[in-house]
Amino acid sequence: MNLFCVGISHHTAKVEARERYALPRSEEVLRTEIGCREALILATCNRVEVYGTSAAPIVTEQIVNCLTGDGGGAIGDTGAFYRYEDDECVRHLFRVAAGLDSMVIGETDILGQVKKAYASARESDSVGPLLHRLFQRAFRVAKQVRSRTEITRGAVSVGAVAVELAVKIFGNLRDRKVLILGAGETSERTARALSSRGVTDIRVSNRSLERAENLAGLVRGRAISFQEWTFQCREIDILISSTSADEPLLTPDILSPLVRERSDQPLFIIDIAVPRDVAPEVNEMDGVFLYDIDSLQSIADQSLTLRRRQIAAGEGIIAEHVSDFRNWFGRESDRPAAPGRETPAGLDEGALRPSQL
Amino acid sequence: MDRALLIASTFCYLTAVARTLVAVRARIALYGRFSFFAIGAGFLFQTAFLSVRGHVLGRCPLTNLFEVFIFLAWSVALIYLVVGPTYRLSLMGAFTAPLVFALQAFALLAPIDVPNQARFPANPWLEFHASISMIAYGAFALACVAGVMYLVQERQLKTHQLHSFFYHLPPLTNLFAALTRLLWLGFALYSAGLISGFFTGGPLPQVKMVCAFGVWLFYGVILQGRHLRWFAPKRVAALCVLAFSAAVSVLWAINFVSPSGPM
C-alpha cells in the first residue's frame, strides 16, 4: 500500500500560483480517475495538499492535473509541488496539524481546517481505514504538541498582543471600560479584538464627533465629545489612542490628578499613534502600563522567536508518533488481506474508534 | 524514623523546584498540577513527621527552632494547598515550593534540632497560641509569595520584557486580590494567636510580646494603608515581602532571647 502526500504551500509558491489549485475539488475524482484507494484534499489559504493511498504508484503530475481540473491526461507544471511518501508523509501531516509548518508557527486554525477536510472526505466516503487512523493520530499529535510545548504561547500580531496584555493585567475583560481615542483602523481592530473577549463598555472619542459616532456604531460603543476624553481616564481601564496629533495629548501632569481619583485599578494604555499621543514618562506612574506600537510589535516578535524555539520540542513529540505509526503500518501491511477485502487485515473502519488509536 | 519522613518530604519539594527550573530553562510548558501534587506529597510526609514528633513530645511539636521551621513550612504548604486551587493561581506552586524547600532544607542542615531543656506542663491554650500563630505565618508567607509574583509580573509589564513564564502568571488584578485576602487571613489568625496568648496562664515574656505586637502592627498598617489607599498595589506587594522577612527574623530572634524558646 502506497501512502503519499502531494501539495503546494506558502513555502514553495506564491499565492498567485497556489490559487490555481485551490478551487473546490472532490476527492471522488482522485479515486475514480487516477486510482487512489483513499483520498483527502486539504485546501487552506496557505496550502493545497492531497493525502492518498493507492495499490499502484501514482505520479505527481496526475494528481496535479486532477487539482487543476485537467483530468488524468495532460501533464501540468509540478515544479512548485512537493511529494512525501510513507514515513515522510506521516511526519508532514503531523507537522501541518500541529502548526509547525504554518506561516505563523503554532497557529491553531490549521487544526480546525484539517478536521474539516477530514470530515468532508469522510462524507464522500473517500477516507478508508488508513487515512482514518492517520488523521485521528494527527489530531492527537497536534493536541500533545500544543499542551506539552509553548508553540502556541504569546500573541504574534499587534492587536492580539494588546488583548493578551489586557487579559494578563485584568483577567476577565467583561466588566472593563475601554476608551478609543482617534477613529483609526488599528484602533478599530484592537477594539473589536477586545470586544470579542467580552468587553461591552466601549467609548469612542474623536475630534470629529461624526467619525466617533460611526466607529462607535461599528464596535457597539458610544461616542464621547473630544473635550471630555481626559476626564474618562478617571474610570476607564483601557485607553487605545491613535490620533494624528503632533504633540503628546497625555502627559504625567494631566494624568496624575485623574489617576489619584481611580480606585487603584491599573490603567492600560495602548498608544498606536505615530507620533505618539502619550508621553513615555506616563509609563513610570504607579499602576499605569503604557505600550506604544514598537513595544507591541517587539512583543509579537519575541513571541514568534519563542515559538520558533519550540519547534525542536514539537518535532520530538512528532518523531515518537511517526515511529509508532510506522510500526502499526508495518504490522498491518505484513498481514495477509482477508478474502474479499481490499483493506489491510483488521482495519475495519467501523471498528476503529478514537480510543483505539 | 521521623527524620526519614522529613527527608522524603524535602525531596518532594526539591522535585517541584527542579521541575520548575528545568521547565523555565528549557522554555517548555509549566505544569501547575505537577507542583500541586509534589507539594501535596511533601505535605503528607511533613504531617507524618509532625505527628510522630508530637507523640514523642506529648505536645504540639513547637519546642525548638527546628520544629518551628518545619511547622512553618507545613503551614505554608497547607495554605498553598487550600488557596492555590481555590483562586486558580497558576504558577503559585512554582514560587511556593522553593520557599518551603529552603525552610525545610535549612532546618535539616543547620544544627538547630536541640531539645528544649525548659519543661512546662501541657497547656492547651499555649499550644493553640503557638500553632495558630504558625499557621498565620503560613498565610503571611503565601502573601509574600504572591507579592513576589506581583512584583515580577509588574516589572515585566513595565519594562515590556516578557519572559516565557510571564504567560503562566495569574492576571495582575487577580493576584493582588488573592494577596489581600491572604493578608486578611494571616492577620485574623495572628490576632487570634495573640489573644489566645493571654489565656495561657503563665507570665507573658516582655520581649516576645513586643516582637509579636510589632509584627501585628506592621501587618495592620499594611492592611489599613491598603484600605485607605495610602499605598499603591505595588507598594503593598513590596511591603508584604518586607513584613514577612521581618516576621521570620523576629521568630528567629525570639528563640535566642526567650528562655522558653519559641513556645
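Residues numbered from 1 in each chain as written. Chains lettered and ligands numbered in written order. Predicted model: local features only at pLDDT ≥ 70, side-chain atom pairs only at ≥ 80, totals over all residues.

Bringing the packing of helix α4 (residues 92-109) of chain B against helix α5 (residues 124-159) of chain B into the picture now. Geometry of a packed helix pair, given as the angle between the helix axes and the separation of the axes. Residues and elements named next belong to chain B. Here α4 crosses α5 at 125 degrees, and the two axes come no closer than 10 Å. With respect to their mutual orientation, α4 and α5 come out oblique. Crossing of α4 against α5: the hand is right-handed. Residues Met 92, Phe 95, Thr 96 and Leu 99 of α4 pack against Ala 141, Leu 142, Val 145, Val 148 and Met 149 of α5. Per-class residue counts for the contact of α4 with α5 are 8 nonpolar, 1 polar and no charged. (Axes fitted to C-alpha atoms, helices over the stretch in contact; angles between N-to-C directions. Helix = DSSP H or I, 4+ residues; strand = E, 2+ residues; numbered from the N terminus. Parallel < 35°, antiparallel > 145°, perpendicular 65-115°, else oblique. Left-handed = near helix turned anticlockwise from the far one by under 90°. Contact = placed C-beta atoms within 7 Å. Nonpolar A, V, L, I, M, F, W, Y, C, P; charged D, E, K, R; others polar.)

Moving on, we come to the domain arrangement of chain A. Interface extent is often summarised as the accessible area lost during association of the parts. Domains assigned within chain A are domain 1 (2-152 + 310-337) and domain 2 (158-303). Using only C-alpha atoms to locate each centre, domain 1 of chain A and domain 2 of chain A end up separated by 43 Å. (Domains from an automatic or database assignment.)

A separate point is helix α7 (residues 158-170) of chain A. All names here are of chain A. Taking 1.5 Å per residue, 13 residues should reach 18 Å; α7 reaches 18 Å between its end C-alpha atoms and fits that length. Across the 13 residues of α7, 11 count as buried, placing the element largely inside the fold. Directly after α7, the chain includes Gly 171, whose backbone phi takes a positive value near 75 degrees. (Expected span 1.5 Å × (residues − 1). Buried ≥ 20, exposed ≤ 12 C-beta atoms within 10 Å, placed from the backbone.)

So, on to the sheet that holds strand β9 (residues 267-271) of chain A. Whether parallel or antiparallel, the strands of a sheet pair through hydrogen bonds between backbone atoms. All names here are of chain A. Reading across from one edge, β7-β6-β5-β8-β9-β10 is the order of the 6 strands in this open sheet, with parallel pairing throughout. Strands with a single pairing partner mark the edges of an open sheet, and in this sheet they are β7 (222-224) and β10 (288-292). Each neighbouring strand pair of the sheet contributes to a mean axis angle of 20 degrees, computed without reference to strand direction. (Pairing = 2+ DSSP bridges.)

Contact residues are listed per partner, giving 25 residues for chain A and 17 residues for chain B. Elements represented by at least two residues in the side of chain A that touches chain B include exactly α6 (129-148), α7, β10 and α12 (293-309) of chain A. Tallying contributions element by element places α12 of chain A first for the side of chain A that touches chain B, with 6 residues. Class assignment for the residues of the side of chain A that touches chain B results in 9 nonpolar, 9 polar and 7 charged.

Residue and element names in this part refer to chain A. With antiparallel pairing, the 4 strands of this open sheet are ordered in space as β2-β3-β1-β4. Each edge of the sheet is formed by a strand with only one pairing partner; in this case those strands are β2 (38-43) and β4 (82-85). Taken over all neighbouring pairs, the strand axes of this sheet differ in orientation by 15 degrees on average, direction set aside. Here strand β1 (residues 2-9) pairs with β4 via 4 bridges, running antiparallel. Within β4, the position partnered with Cys 5 by the bridge is Tyr 84.

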